[in-house]
Amino acid sequence: MPPTARAKVLPRKKPSKTEWASVELHKESSAAKSMPVDTLHDGVDSSQVMVRSGRFRGSFLMATNGGSTFEEILRSQLTESRSRARHQGSQEKPLPDDRSPKKRLNLQNVIGADERQLIPDTTRIPVRSIGLLRILPEDGILRYGTAWLIGPQTLATAAHNLLHPQAGKTQRMDFALAYDGQNAHGGWHRVVAGKLSDGWNKSAEPGSPLDFAVLRLEHSLGNQTGWLGFADYEDAKFANMAVNLFGYPLDLEGYAMYGARGRVLAINEGRVFYDCDAGGGMSGGPVLAVFGEQRIAVGIHVAGGSTSNAATRISGPAYDLLERYRIWPNE
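Cut-offs used in this document
- Residues numbered from 1 in each chain as written.
- Predicted model: local features only at pLDDT ≥ 70, side-chain atom pairs only at ≥ 80, totals over all residues.
- Heavy atoms only, no water.
- Core = buried A, V, L, I, M, F, W, Y, C linked by side-chain atoms within 4.5 Å.
- Buried < 20%, exposed > 50% of the residue type's maximum accessible area, 1.4 Å probe, protein only.
- Helix = DSSP H or I, 4+ residues; strand = E, 2+ residues; numbered from the N terminus.
- Contact = heavy atoms within 4.5 Å.
- pLDDT = per-residue confidence, 0-100.
- Salt bridge = Lys/Arg side-chain N within 4 Å of Asp/Glu carboxyl O.

*Asks:* Would you mind going over the nonpolar core in detail, with residue names and values included?
*Replies:* In terms of nonpolar packing, the biggest core is built from 36 residues, with W148, F246, I314 and L322 touching the most fellow members. Those elements that provide at least two residues to this core are β5 (130–137), β6 (143–149), β17 (294–304) and α4 (316–325). Looking at which element gives the most residues to this core, the answer is α4, with five residues. Of all hydrophobic cores here, the second largest spans 22 residues; its members include A231, Y233, L245 and V264.

Okay, here's the thing in structure tokens:
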């Protein structure tokens, strides 16, 4: 896309009042493990420009990547050969009770050449705040997705990871923070509750802008590892925006984390479209814009196609849900 190009704005729908549906998951004790961090502080910069009515939550991290618009961690040195070398010879079964998740693979959403890059060190910012979801739905076939911390005890993800149109409601969900294909550097944790749009709860439809959810962890992790910010930006902010996508593509071996970078191609009130490469299993991953030391999620990856991939835009009811539950209230 030329530097002067602007993101295409599709027609905006009038927002409607949304009520939240609750999901209680099986509660079972598990050990909490977290990664130490020296400081949790970000400066204020252009990330707060073009925010709609103050609807902004900054990240709670420490970083030194200067003014880069793409994540430093997504470097050309992270090649497929490094991916093979890292995982070669591993005897550990990373995901017990595996029931062939590849049976549920979506279309591999690689646009042109595959530019997804392995993340070998998941203890680094921002990926130490992102993890793998292991999902047991009603149909009994394990599924996998991606989620990310937005607060001390709260994850953001796609609604279809909680209620899938074909697989049904989730019966149990576990979260491996900073999983690298072999180890969860932030530990394995039980998800004990979830919230999603009542509209998705009543009619879960692929392509719906209501494909967003939040999850509650059994333990508070964010104060030790940090979390990602999110914002509801004006349409003009998305013009030629550089974005970074992270998640766990199941079409690549090893259940490892991968990242991709690209540009926003178009937007509407409920969706963001971009050319970051993706694959099944990355659903629920953050679409991040980097502003100095701020990592601000502008979308939740949910779908893809041959010419673009798509996220639920963090605006309207999606922003409202993340904002209400980033510090999970006592209900």
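*Asks:* I'd love a proper account of the environment of A231, names of residues and values included.
*Replies:* In this structure, A231 sits in strand β12 (residues 229–233). Here A231 falls in the buried class, since its relative accessible area comes to 2%. Sequence spacing of A231 and M50 is 181 residues, and the spatial spacing of their C-alpha atoms is 9.8 Å. Not counting chain neighbours up to four residues away, the residues in contact with A231 comprise R55, F56, I296, A297, I314 and Y319.

*Asks:* Can you lay out the confidence of the model for the protein chain for me, pointing to particular residues and giving the numbers?
*Replies:* Of the residues in the protein chain, 74% have a pLDDT of 70 or more, and the chain-wide mean is 80. Of the regions scoring below 50 in pLDDT, residues 28–44 engages in 50 contacts with residues more than four places distant in sequence or in other chains. Low pLDDT (under 50) marks residues 77–108, which in the prediction has 60 contacts with non-local residues, meaning those over four places away or in another chain.

*Asks:* Before we move on, could you go through the pattern of salt bridges and cite the residues and values that matter?
*Replies:* Within the structure shown, the criterion is met by 15 salt bridges. Here R52 and D235 are joined by a salt bridge, their closest N and O atoms 3.3 Å apart. Pair noted here: R52 is in strand β3 (residues 51–57) and D235 is in the loop between β12 and β13 (242–247), with a separation of 183 residues, a long-range link. Like D235, R52 is buried. Close ionic contact of E323 with R57 constitutes a salt bridge, the shortest N to O distance being 2.9 Å. Residue E323 is found in helix α4, and its partner R57 is found in strand β3; the two are separated by 266 residues along the sequence. Residue classification places E323 among the partly exposed residues on the basis of a relative accessible area of 24%. On the basis of relative accessibility, which here comes to 30%, the residue R57 falls in the partly exposed class. Through salt bridges with shared partners, one network takes in R52, R55, D232, D235, E269, R313 and D320.

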